[in-house]
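Residue-level structure breakdown
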Amino acid sequence: MAHAIIHILNNDCPHCLEGKVFKEKNIFFQIGFPKMNDYCPHCHFKFEKEPGYFFGAMYVNYGLTVAQGIATYCMAHYFFETNFDLRIIPIIAFVIIAMASFNIRFSRLLWIYMFKNYSI
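Residues numbered from 1 in each chain as written. Predicted model: local features only at pLDDT ≥ 70, side-chain atom pairs only at ≥ 80, totals over all residues. Heavy atoms only, no water.

Concerning the packing of helix α2 (residues 55–76) against helix α3 (residues 88–114)
A packed helix pair is summarised by two numbers, namely the angle formed by the two axes and the spacing between the axes. Here α2 crosses α3 at 145 degrees, and the two axes come no closer than 7 Å. For α2 against α3, the interelement crossing comes out right-handed. Residues of the contact of α2 with α3, tallied by class, amount to 16 nonpolar, 8 polar and 1 charged. (Axes fitted to C-alpha atoms, helices over the stretch in contact; angles between N-to-C directions. Helix = DSSP H or I, 4+ residues; strand = E, 2+ residues; numbered from the N terminus. Left-handed = near helix turned anticlockwise from the far one by under 90°. Nonpolar A, V, L, I, M, F, W, Y, C, P; charged D, E, K, R; others polar.)

Section: the side chain of Gln-68
For Gln-68, the position within the fold is in helix α2. Residues within four places of Gln-68 in sequence aside, it is in contact with Met-99 and Asn-103. (Contact = heavy atoms within 4.5 Å.)

What about the packing of aromatic side chains?
Here the structure, examined in full by the defined rule, presents 4 aromatic pairs. On the basis of an interplanar angle of 70 degrees and a centroid distance of 6.0 Å, the ring pair of Phe-45 and Phe-47 is categorised as edge-to-face. Accessibility assignment for this pair places Phe-45 and Phe-47 in one class, buried. For the pair Phe-102 and Phe-106, a centre-to-centre distance of 5.2 Å together with 15 degrees between the ring planes defines the contact as stacked. Highlighted residues: Phe-102 and Phe-106, both in helix α3, separated by 4 residues, approximately one helical turn. A relative accessible area of 14% means that Phe-106 is categorised as buried. Just above the ring of Phe-54 sits the side chain of Arg-108; from NZ or CZ to the centre is 4.7 Å. (Phe/Tyr/Trp six-rings, centres within 6.5 Å; stacked < 30°, edge-to-face > 60°. Buried < 20%, exposed > 50% of the residue type's maximum accessible area, 1.4 Å probe, protein only. Lys NZ or Arg CZ within 6 Å of the ring centre and 35° of its normal.)

From the geometry alone we can't say anything about function, so treat these as descriptive.
In structure tokens form, the structure reads like this:
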């Protein structure tokens, strides 16, 4: 499991672990929508199995975003006097926007790794 997370964070192909899923080498903090390779440049493994394959990754992305929002609230509420201060909302929004690019890439990589075909 730990090796899979390392390969996900390195943007490695789930089949050969040498090619890259995204055209950008680094999945952290890129601006703009991610550009994926259709096939692995090393082993020619097809990443998008069918049209709409990554719709499920949107749910993973939503879960990541909610978890980050809750974690941000839990960390930020110690700095305010009341339990729910409205000044926490812009902090949560900033974290969610800052992490959006990473979440898109990470959720797609998780989705590919969860449903990779082990028999190929």
